[in-house]
Amino acid sequence: MIGLGADGRKAKTAQHVRMGRLKVNFELTKEQKDIQKAAREFIEGEYDKEKILGWEKEHAFPLEVWKKACDLGFIGIHFPEEYGGQGCGITDNILIVEEFCRKDSSVGIALSLADFSSEVVLRFGAGEQKKKYLVPVAGGQFISAGAYTEPDHGSDITSLSTKAVREGDCFVVNGTKTFITNGCLANFFVVLCQTDTEASPPYRGQSTIIVEKGTPGLEATEIAPKMGIHMTSTAELAFRDVRVPATQLLGQENRGFYQVMQFFQESRVEVAAQALGIAEGAFDRALAYARKRTQFGKKLVEFQVTQHKLADMAAKIEAARLLVYQAAWRFDQGRPDPGLTSIAKMFAGRIAVEVADEAIQIHGGYGYITEYEVERFYRDAKITEIYEGTREIQKNTIASALMGKAR
Ligand SMILES: Cc1cc2nc3c(=O)[nH]c(=O)nc-3n(C[C@H](O)[C@H](O)[C@H](O)COP(=O)(O)OP(=O)(O)OC[C@H]3O[C@@H](n4cnc5c(N)ncnc54)[C@H](O)[C@@H]3O)c2cc1C
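Bear in mind that the values here come from a model prediction, so they are computed numbers and not experimental data.

Draft legend 1. How the structure looks around the environment of Gln-295. Its place among the elements puts Gln-295 in strand 8 (residues 294–295). A residue is classified by how much of its surface remains accessible, and Gln-295, at 34% relative accessible area, is partly exposed. For the pair formed by Gln-295 and Lys-316, sequence separation is 21 residues and the distance between their alpha carbons is 27 Å. Filtering out sequence-adjacent residues up to four positions away, Gln-295 remains in contact with Leu-300 and Phe-303.

In structure tokens:
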């Protein structure tokens, strides 16, 4: 381009377009369409409303569906083959999450979080650690969890009260983590601890350590009842002189904060995909109901007000899908964009709540009744605006990215 004038640049650009080099492609690949179709067919085959409402009522993890999903390779599809996965990208993974949550918000979220935080092991663990923990996660023997939040450190985890002190060949962990997904189910936890209490700023003295279920001194207590995602366990974890072999440290000591921030680039896209799927599922149900229900001698879908509601919902979903896929694609290209990831999570989370709310409205009184499912989609949608960084924290990240961008 050097040395070309305005006309030259124009001609060169036109030539590139003709040659297809500047082509923008919004199509999924054939392999991705196949994964999407397989996920859709699987979850549709597993959908059993009676059972689902039972699990929801009993706050039970959908064990049998999870086992089958692992057997078919849907969980940990983004792990390399040597660690039980299929070497796919996170775009492939989020297509599965979207399909699962679209069919059923509660089952979808429970399945998508069954391998929560295993990516910290994947990206920063040693080969032996990956073999030990990732292969059983993909194989349906292990459920994973990530313990970052503490009672006094939620949005702000730059300093932590949970400490891991080196004693010979061990770390001794003391502290409390709260709101831990899979807390009462998980076989292992990726725990963010303060390993250097003198570090300034404190986040430069944090490390991630794998703590296995059943380690003496570790106690999990269910936090219940809660608003939604009833098929996942949410627990408080108490660590009282928990001795963990130093070999359980993930990556470099005192790099934990940076590892977790990098992990959020991946996990936030997955949460955005949960939200997208939930919005789509609520929309599907609203459209089906509007086509069926008659009032004042007309189907609801014949009222222009209803049509406009559906149009607004569809527009929001379409915009969210573009953002979520783009954020995933950027990650797979090795160019994660924190600002875009946060926009995708913030936007998809908000529209999931709005679309589910409107789906209830379209159902009228029936929308308030559990059997019609949309009230559950609404309750499940809300968490996507809270975990993995609240809506406000996403705005902070977006703003930081904007401030740092020179144009
Ligand atoms: C069901 C559930 C599952 C969860 N799963 C996990 C898990 O598996 N692992 C884990 O570690 N954590 C998990 N969490 C915790 C979740 O990530 C935190 O709840 C969340 O990060 C917010 O922290 P907090 O609840 O302490 O709220 P706070 O940080 O106290 O925030 C309260 C309010 O203040 C706002 N706020 C805080 N700081 C700022 C700021 N700088 N600017 C503007 N507004 C601000 C927040 O946005 C929010 O609206 C889970 C939570 C729930 C409810």
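Draft legend 2. Main features of the packing of helix 5 (residues 90–103) against helix 10 (residues 304–332). With their axes 8 Å apart at the nearest point, helix 5 and helix 10 run at an angle of 150° to one another. As the angle between them shows, helix 5 and helix 10 are arranged roughly antiparallel. On helix 10, the residues that touch Ile-90, Thr-91, Ile-94, Leu-95 and Glu-98 of helix 5 are Arg-321, Val-324, Tyr-325, Ala-328, Trp-329, Phe-331 and Asp-332.

Draft legend 3. Structural context of the site of the ligand. Taken together, 20 residues form the shell around the ligand, and within it Thr-149, Ser-155, Phe-179, Thr-390 and Glu-392 come nearest. Between a nitrogen atom of the ligand and a main-chain N or O atom of Gly-146, the distance comes to 2.9 Å. Here an oxygen atom of the ligand sits 2.7 Å away from a polar atom, N or O, in the side chain of Glu-392. In isolation the ligand has 970 Å² of accessible area, and contact with the protein removes 66% of it. Mapping the ligand onto the cavity grids shows that it belongs to the largest pocket.

Draft legend 4. The packing of helix 6 (residues 105–112) against helix 9 (residues 256–292), seen in detail. Where helix 6 contacts helix 9, the two axes come as close as 10 Å, and the packing angle between them is 165°. By the angle between their axes, helix 6 is roughly antiparallel relative to helix 9. Crossing hand, helix 6 versus helix 9: right-handed. Here Ser-105, Ile-109 and Ser-112 of helix 6 lie close against helix 9, whose contacting residues are Glu-270, Gln-274 and Ile-278.

Calculation rules
- Residues numbered from 1 in each chain as written.
- Predicted model: local features only at pLDDT ≥ 70, side-chain atom pairs only at ≥ 80, totals over all residues.
- Heavy atoms only, no water.
- Helix = DSSP H or I, 4+ residues; strand = E, 2+ residues; numbered from the N terminus.
- Buried < 20%, exposed > 50% of the residue type's maximum accessible area, 1.4 Å probe, protein only.
- Contact = heavy atoms within 4.5 Å.
- Axes fitted to C-alpha atoms, helices over the stretch in contact; angles between N-to-C directions.
- Parallel < 35°, antiparallel > 145°, perpendicular 65-115°, else oblique.
- Near = heavy atom within 4 Å.
- Polar contact = N/O pair within 3.5 Å; in protein donor to acceptor, adjacent residues only side chain to side chain.
- Areas by Shrake-Rupley, 256 points an atom, 1.4 Å probe, with all protein chains shown as cover.
- 1 Å grid on protein atoms, 1.4 Å probe; cavity = no way out; pocket = protein on both sides within 12 Å on 5 of 7 lines; lining within 4 Å.
- Sits in = over half its atoms within 2 Å of the grid points.
- Left-handed = near helix turned anticlockwise from the far one by under 90°.

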